[in-house]
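# Overview (structure and organization)
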Amino acid sequence: MRRPVLFTEEGENRCFGCGPANPVGLKLSFFETAEGVEAEYVAPPELEGAPGVVHGGIQATLLDEVLCMTAYAKLGKPVLTGELTIRYLVPTPSGTRLRIRGRVAEVRGRSALLEGWIETAADGVERTRARGRFFAQEGTFSPEASTARQD
């Protein structure tokens with residue numbers, strides 16, 4: 001299974017990561033898979049830290065966006081990031097197709113623990129890893145949300 005995930009909200013979506021109305025945003029597109037959610041992105045040189053390497057803050061943003069969309073797709077609610085830990089394993093090259101993936105690790109009431117990573121699409125080498133606690137914007141996640149939805 002691989003299907004598009006669209007975040008719908010009232011008004012103009014100016015989100016830096018996924019908003020089509022943000023002229024300087026990343027304009028990410030997301031796809032739900034059986035395991036979670038994924039996106040692909042090629043970072044331009046303007047988003048480098050060290051020469052040829054995607055800036056660490058941009059990598060954190062990519063992971064935050066995919067993890068939020070993972071919660072939305074798999075748990076059925078928009079979320080807010082409570083905590084996000086990033087581990088930079090090896091340099092992530094700019095100008096190269098990257099795949100960013102996320103999955104639900106645990107659900108408790110109104111919070112979810114999500115995990116994700118950035119890999120180079122061509123060879124699957126993991127570059128950066130993330131783990132974070134995300135909170136439902138309203139209410140709690142349903143009891144059956146303790147495992148990822150498969151519908």
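This section reports on the structure supplied with the text. As the structure is a computational prediction, the values presented were derived from the model and not from experiment.

Definitions and cut-offs
- Residues numbered from 1 in each chain as written.
- Predicted model: local features only at pLDDT ≥ 70, side-chain atom pairs only at ≥ 80, totals over all residues.
- Heavy atoms only, no water.
- Helix = DSSP H or I, 4+ residues; strand = E, 2+ residues; numbered from the N terminus.
- Rg over C-alpha atoms; globule rule 2.2 N^0.38 Å.
- Buried < 20%, exposed > 50% of the residue type's maximum accessible area, 1.4 Å probe, protein only.
- Contact = heavy atoms within 4.5 Å.
- Core = buried A, V, L, I, M, F, W, Y, C linked by side-chain atoms within 4.5 Å.
- Expected span 1.5 Å × (residues − 1).

### Comments concerning the overall build of the protein
Counting its regular elements, the protein contains 1 helix and 7 strands. Tracing the protein from N to C terminus, the helices and strands come up as β-β-β-α-β-β-β-β. The C-alpha radius of gyration computed for the protein amounts to 15 Å, which stays within 12% of the reference 15 Å derived for 151 residues, consistent with globular compactness. Looking at the protein as a whole, 43% of its 151 residues qualify as buried. Contacts in the protein between residues far apart in sequence, at least 24 positions, make up 65% of those at least 6 positions apart.

### As for the nonpolar core
Phe30, Tyr41, Leu62, Leu75, Ile100, Leu114 and Phe141 are the most contacted members of the largest nonpolar core, which has 34 residues in total. Only strand S3 (37-42), helix H1 (56-75), strand S5 (97-108), strand S6 (111-120) and strand S7 (126-136) provide two or more residues apiece to this core. Sorting elements by how many residues they give to this core places H1 first, with 11 residues. Each residue touching Ile100, except ones within four places of it in the same chain, is listed here: Val37, Glu38, Ala39, Glu40, Tyr41, Leu62, Leu63, Val66, Trp117 and Ile118.

### Here we look at the environment of Gly116
Mapping Gly116 onto the fold places it in strand S6. The buried category is assigned to Gly116, whose relative accessible area is 2%. Considering only alpha carbons, one finds Gly116 and Ala105, 11 residues apart in sequence, at a separation of 9.7 Å. If we skip the residues at most four places from it in the chain, Gly116 touches Leu63, Leu67, Arg101, Gly102, Thr128, Arg129 and Ala130.

### Thoughts on H1
Given a rise of 1.5 Å per residue, 20 residues ought to cover 28 Å, and the 28 Å separating the end C-alpha atoms of H1 matches this to within 8%. The buried fraction of H1 amounts to 17 of the 20 residues, a majority that puts the element mostly inside the structure. With its phi angle positive at about 80°, Gly76 sits one or two positions after the end of H1.

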